[in-house]
Amino acid sequence: MILYLHFGPQSDATYRRLIGTLGEFTPMVQALPPDAALADVSGSVRYFGRDAVGLAALIRMRAAAVFDVDTTIGVGPNPLLAQLVAHRGAPGAIRAVPDDPEAIAAFLTGLPAAALPGVGPATARTLTSYGLYTADQVAATPLLTLQRILGPAAGRQLRQRAAGIDPTRVAPGAPPRTFCAEHRFTHDELDPDRQRGVLTHLTERLGTRLRSERQACRSLTLTVQYADRSTTTRSRTLPEPTAHSPRLRAAAHALHRSLGLQRARVHCLTLRAGDLCDASSVSRQLTFGPDDDKARRIEAAADRARARFGPGAARPASTAGMP
């Protein structure tokens, strides 16, 4: 059986320690940065004398006692079902799908098609235009019909997922190196402009750290924690690796806009730079105007000021007063 574990926003150090704790229960642990992991406990059940749900309870108790982390855990016969069942309710619980065809079919019946991995807003709109709203409706649709709607590969993959079929296996490995910046509001924040101001500050922090360690990132991940402590995570692969704060800021603001948080009460924003690489190996696309070069010269001067006088020596005016 497979466990899908969602920890919520954590620092890099805490996340790595949580992954290490999972390794005490099974060597088959796959990190899913920034806040989740998969664990295959099929070989651990007999050793610990507990079933998969019992092991999940033990892991959840350990995470709460040692790291004060309220973990959400899904238990299923494959990674797909474990992830789906984990998110079918309030955070901070253990939910399971038995390894039984009837139980799997019952779980998927009525499950929104948009909940399936790989079904974004555009695909969901396409499916609903054909009257396909739920996973069981998608699974009952002839394969050729789905392939005509979505394309050969996408149609086949979606039909498998809608039927609860997932041939992937847990791939053990250490979590990739990432840089993370986080801001917790003193009061749950409703104002999108203030949220974007915080994102500007977080990208400045990330950019400064990337440049100081001569790194560049290929992806950016935004995690939003709401007043009820539920979270939403969105990632974006950048057009080219960068450590340039304005480009990071533009990507972070685009991620924020894609969430449509006009009336959401936000408790915490976490921004993570992933897929790091050596900045010296990154080629930079040339521009025909002077603005980009001017911004980079200003950025380099600000970096020198921060290195000499401290991190608060130079920053955008809109981020004044932020820690």
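Small disclaimer: the values here were computed from a predicted structure and weren't measured.

Each value, and the rule that gives it
Residues numbered from 1 in each chain as written. Predicted model: local features only at pLDDT ≥ 70, side-chain atom pairs only at ≥ 80, totals over all residues. Heavy atoms only, no water. Helix = DSSP H or I, 4+ residues; strand = E, 2+ residues; numbered from the N terminus. Buried < 20%, exposed > 50% of the residue type's maximum accessible area, 1.4 Å probe, protein only. Contact = heavy atoms within 4.5 Å. Areas by Shrake-Rupley, 256 points an atom, 1.4 Å probe, with all protein chains shown as cover. Pairing = 2+ DSSP bridges. Axes fitted to C-alpha atoms, helices over the stretch in contact; angles between N-to-C directions. Phe/Tyr/Trp six-rings, centres within 6.5 Å; stacked < 30°, edge-to-face > 60°. Lys NZ or Arg CZ within 6 Å of the ring centre and 35° of its normal. Lys, Arg positive; Asp, Glu negative; His and termini not counted. Salt bridge = Lys/Arg side-chain N within 4 Å of Asp/Glu carboxyl O. Polar contact = N/O pair within 3.5 Å; in protein donor to acceptor, adjacent residues only side chain to side chain.

A. How the structure looks around the overall build of the protein chain. Tallying secondary structure elements over the protein chain gives 12 helices and 9 strands in all. Looking at the protein chain residue by residue over its 323 residues, the buried ones come to 46%. Here the analysis covers contacts within the protein chain between residues at least 6 apart in sequence; of these, 66% occur between residues at least 24 apart. For the protein chain, the exposed area adds up to about 16500 Å²; of that, 53% sits on carbon and sulfur atoms.

B. The sheet that holds strand S3 (residues 36-40), seen in detail. On the basis of which strands lie adjacent, the open sheet formed by 5 strands has the order S2-S3-S1-S4-S5 and mixed pairing. In the strand order of this sheet, the two ends are held by strand S2 (29-32) and strand S5 (94-96), each with one partner. Direction aside, the axes of adjacent strands within the sheet are offset by 15° on average. Across 3 bridges, strand S4 (residues 72-76) lies against S5 in parallel orientation. Each bridged residue has a counterpart across the sheet, and for Val75 the counterpart in S5 is Ala96.

C. Up close: the packing of aromatic side chains. By the definition in use, this model includes 3 aromatic pairs. Geometrically, the ring pair formed by Phe7 and Tyr15 is edge-to-face, given 6.2 Å between the ring centres and 75° between the ring planes. Comparing Phe7 with Tyr15 shows no difference in burial state: the two are buried. Positioned above the aromatic ring of Phe179 is the side chain of Arg209, whose terminal nitrogen or guanidinium carbon lies 3.9 Å from the ring centre.

D. Main features of the pairing of S2. Inspection of the sheet shows S2 paired to S3 by 4 bridges, in the antiparallel sense. Of the residues in S3, the one forming a bridge with Ala31 is Ala37. Joining the antiparallel neighbours S2 and S3 is a turn of 3 residues.

E. The side chain of Asp166, seen in detail. In this fold, Asp166 is placed in the loop between helix H9 (152-162) and strand S6 (179-189). For the buried Asp166, which has no salt bridge, the nearest side chain bearing the opposite charge is Arg161, at an N-O separation of 6.3 Å. A polar atom in the side chain of Asp166 sits 2.9 Å from the backbone nitrogen of Leu80. Within the local environment of Asp166, its side chain forms a polar contact with the side chain of Thr168, the two groups lying 2.8 Å apart. When residues no more than four places from it in sequence are discounted, the contact partners of Asp166 are Asn78, Pro79 and Leu80.

F. Quick peek at the sheet that holds strand S8 (residues 231-242). Spatial ordering of the open sheet is given by S6-S9-S7-S8, a layout of 4 strands whose pairing is antiparallel. Among the strands making up the open sheet, the edge pair consists of S6 and S8. Across the sheet, the axes of successive neighbouring strands diverge by a mean angle of 15°, strand direction being ignored. Strands in contact with helix H10 (residues 192-212) are S6, strand S7 (215-226), S8 and strand S9 (266-278); relative to S6, the strand with the most contacts, it is inclined by about 160°. Seen against the sheet, helix H11 (residues 245-259) touches S7, S8 and S9 and runs at an angle of roughly 145° to S8.

It is worth stressing that arrangement in space is one thing and function is another; only the former is reported here.
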